[in-house]
Structures are given as C-alpha cells and as structure tokens.
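As a plain string of letters, each chain reads:
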Amino acid sequence: MKIGIVGAAGRMGRMLIAAVDAADGAVLAGGTEAAGHPDMGKDLGELAGLDTAGVVLSSDPKALFAAADAIIDFTVPTATAAHAALAGETGTVLVVGTTGMDDAQQGAVTAAADKAAIIQAANFSVGVNVLLGLVEKAAGILPDAYDIEVLEMHHHHKVDAPSGTALALGQAAAAGRGANLDDVACKARDGIVGARPRGEIGFATLRGGDVVGDHTVMYAGPGERVEITHKASSREVFANGAVRAAVWGCSQKPGLYSMKDVLGF
Ligand code: NAD
C-alpha cells in the first residue's frame, strides 16, 4: 500500500515518515510541503532521521494524490481543505489529523467524503479514543450537580485553542448528558463572569514547553471530584494511529469515518 504524507517536514510529518517506514506492507509514496519550504527536494528518509528513502520532498500534491493509495494530512486548515478537494477528485483515501478548522474548511472535508474514504480524528491515539468512551459514559452516570471542566496542556508551538482533543472530549461529555456542546460550552473565563451555571462545560487551556498533549476531564461534585486523565509522551502514538487508519481506509467505501470506526468501538 502506497502512503503519501502532506506536510512531511512538520513535527507530525517527520513522525509519519518513520511510522510508514516501520509499518508492514506500507510504502512511502512521497511527501509534500508548501512551495518555497527550505527542505524542498530533500530525501524524506533523511528528513525523518532514517536511511535514504529514495523519494524527495515536493510541492505537487496533485501528483502525490494520483500516485498514492492513501494520504495522511497533519498540516494547517487551509491546506487540508485543498487536500480534501483533491481526495474528492481522485478518490484517494485521506486521513485528516489537522485541528482548528472553521466551518467552511470542515465543509470541504465533509463534501469530499461523498467521493473518498476520509478518516478524521482530533486525536489518533488509541488511549484518547478509550478516554472519549469513558468520558461520555461518566457524564451520563453522574448527575448534573457534577460540574464538568476540560483541562488541556500542549507545547508552545500549538496555534489553536482549546485543542481539537479537548473539544472532542467536551462533545463526548455533552453527548453523555444529552446536550449539545455549542449550547453549554464556556471556552474561556476572564473578569467578573458570575457564578458557574449548572450544566456548563468549561475549558482551560495551558501552553508551554514541549508538552506533547495532556488532557483531563473533571467532574466536580458535592463532596467529591472525579478526574479522568490522558498524557501523551510521544507523537509516535498519533503517527501510528494515523497509519493504521490509512491502511483501514483502503478497504472502505467513500464516507466520513472516525478513529472509533477504525478501532471498531
Ligand atoms: P507543524 O507546524 O510542525 O507541521 C505542519 C506542517 O504543514 C508544516 O511543516 C507546514 O509547513 C506544513 N504545511 C503548511 N501548508 C502546507 C501545504 N499547503 N502543503 C503541504 N504542507 C503544508 O505542526 P504539527 O505539530 O505537526 O501539527 C500539525 C497539525 O496536526 C495541527 O493542526 C495539530 O493540532 C494537529 N495534530 C493532530 C493530532 C491528532 O492526533 N489528530 C496530533 C498531533 C497534531
């Protein structure tokens, strides 16, 4: 199976090169970056600190989509929307890890799923997907006197907040309570904001250092507090999950899938 990586010189891109290299039955089809990237033309294996792979970094996503069975995209929202359109044109499987997309960019991904299998997840780690199930279940069991807060911390390069994973955890908690996250979310607090309304789902965002990704969901009730936590210590977990999703996607019909589908939850 031929797998291409867009954004191949990024933090996740380099991890993904190594994950494809290590995966049985997967071959690196190529990798792209936006035109003008300083690593353009470099060997992808060398970019990831491996042996020479014999394929170089290019700025031609069209050619990569034509050559690959599946593409993995951990880039930026504008690029992901354009890549989704290419997946729709070519029918190539697309794995989307990019977070922070607006409604129009998400609409481009959803539209392309009519023509191609697209697997999208805010977090490709198996552990976080288990966490999503636990969070929904706990929110359904604990009464609404238990205030739900989602706390996350990431490295200082991260540009979107709250993280896509934090929002997915908020959605899982809201679903457990039969609520819609948009109706109950409080994404930041500053100044005299008044007492906390019952049923609100609050978010707190921390940024600093090289933290790969920490998430905690708290249920703060009368006399006790439940906390469910996940800590990622290596980006490898996301890269391995994304490669697993790409392989799985190659035997699926067009449609929009999640990591839960890949894992069979
Ligand atoms: P990064 O900035 O290191 O990498 C992004 C790369 O995309 C950069 O190298 C950039 O040059 C490249 N890029 C930009 N425009 C491009 C284009 N038009 N064509 C090709 N490449 C282009 O960031 P990162 O830490 O690797 O994260 C990337 C995204 O993945 C973020 O949205 C992040 O939140 C998300 N992420 C998701 C998961 C998950 O499991 N879903 C895990 C980690 C990171």
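Structure first, text after, so check above.
Colleague: Help me understand the packing of aromatic side chains, please; the structure alone is not making it clear to me.
Modeller: Taken as a whole and judged by the stated rule, the model has two aromatic pairs. Aromatic side chains Phe 74 and Phe 124 sit 5.8 Å apart centroid to centroid with 50 degrees between the ring planes, which places their arrangement in the tilted category. Linking Phe 74 in the loop between strand S4 (70-73) and helix H4 (77-90) with Phe 124 in the loop between strand S6 (117-120) and helix H6 (126-141), this pair joins segments that are 50 residues apart in sequence. Note on Phe 124: relative accessible area 1%, which makes it buried.

Colleague: Please clarify how helix H5 (residues 103-112) should be interpreted in this entry.
Modeller: One turn of the α-helix equals 3.6 residues, which is why residues spaced by three or four share an orientation. Taken as a whole, H5 has its buried residues at Gln 105, Val 109 and Ala 112. Down the axis of H5, the buried side of the element spans an arc of 70 degrees, and every buried residue falls inside it. Opposite the buried face of H5, by more than 90 degrees, sit the exposed residues Asp 103 and Ala 104. Where H5 is buried, its residues touch H4, S6 and strand S12 (255-257). Backbone nitrogen of Ala 104 and a side-chain oxygen of the N-cap are separated by 3.1 Å at the start of H5; the cap is Asp 102.

Colleague: Any chance you could explain the pairing of strand S7 (residues 147-154) here in plain terms?
Modeller: Looking along a regular strand, one sees the side chains alternate between the two faces of the sheet. Examined bridge by bridge, S7 and strand S10 (residues 213-221) share seven bridges and lie antiparallel to one another. From the neighbouring strand, Asp 147 faces S10, where its bridge partner is Ala 220. Examined bridge by bridge, S7 and strand S9 (residues 201-207) share seven bridges and lie parallel to one another. By the bridge assignment, Met 153 is partnered in S9 with Leu 206.

Colleague: How should I be thinking about the site of the ligand in this particular structure?
Modeller: Taken together, 22 residues surround the ligand, and among them Arg 11, Met 12, Glu 33, Thr 99 and Phe 124 come closest. Between the ligand and Gly 10, the relevant distance is 3.3 Å, taken from an oxygen atom to a main-chain nitrogen or oxygen of the residue. Take Met 12: an N or O atom from its main chain is 2.8 Å from an oxygen atom of the ligand. A total of 860 Å² of accessible area belongs to the ligand in isolation, and the protein chains cover 78% of it. Of the residues contributing to the shell around the ligand, the split by class is ten nonpolar, nine polar and three charged.

Colleague: Just to check I follow, could you spell out the environment of Ala 67 for this structure?
Modeller: Position of Ala 67 relative to the elements: it lies in helix H3 (residues 61-67). Using a relative accessible area of 36% as the deciding quantity, one classes Ala 67 as partly exposed.

Colleague: Teacher, can you tell me more about the nonpolar core here?
Modeller: A general trend in soluble globular proteins is that nonpolar side chains are found buried together. Leu 16, Ile 72, Val 95, Ile 119 and Phe 124 are the most contacted members of the largest nonpolar core, which has 36 residues in total. Breaking this core down by element, the ones donating at least two residues are strand S1 (2-6), helix H1 (11-22), helix H2 (44-47), S4, strand S5 (93-96), S6, helix H9 (236-249) and helix H10 (259-263). Looking at this core, the element that brings in the most residues is H9, giving seven residues. Each residue touching Phe 124, except ones within four places of it in the same chain, is listed here: Phe 74, Val 95, Val 96, Gly 97, Ile 119, Asn 129, Val 237, Phe 238, Gly 241, Ala 242, Ala 245 and Met 259. One finds Ala 166, Ala 168, Leu 169 and Leu 181 within the second-largest nonpolar core, a separate group that totals 22 residues.

Rules used in this analysis
Residues numbered from 1 in each chain as written. Predicted model: local features only at pLDDT ≥ 70, side-chain atom pairs only at ≥ 80, totals over all residues. Heavy atoms only, no water. Phe/Tyr/Trp six-rings, centres within 6.5 Å; stacked < 30°, edge-to-face > 60°. Helix = DSSP H or I, 4+ residues; strand = E, 2+ residues; numbered from the N terminus. Buried < 20%, exposed > 50% of the residue type's maximum accessible area, 1.4 Å probe, protein only. Arc of directions from axis to C-beta. Contact = heavy atoms within 4.5 Å. Polar contact = N/O pair within 3.5 Å; in protein donor to acceptor, adjacent residues only side chain to side chain. Pairing = 2+ DSSP bridges. Near = heavy atom within 4 Å. Areas by Shrake-Rupley, 256 points an atom, 1.4 Å probe, with all protein chains shown as cover. Nonpolar A, V, L, I, M, F, W, Y, C, P; charged D, E, K, R; others polar. Core = buried A, V, L, I, M, F, W, Y, C linked by side-chain atoms within 4.5 Å.

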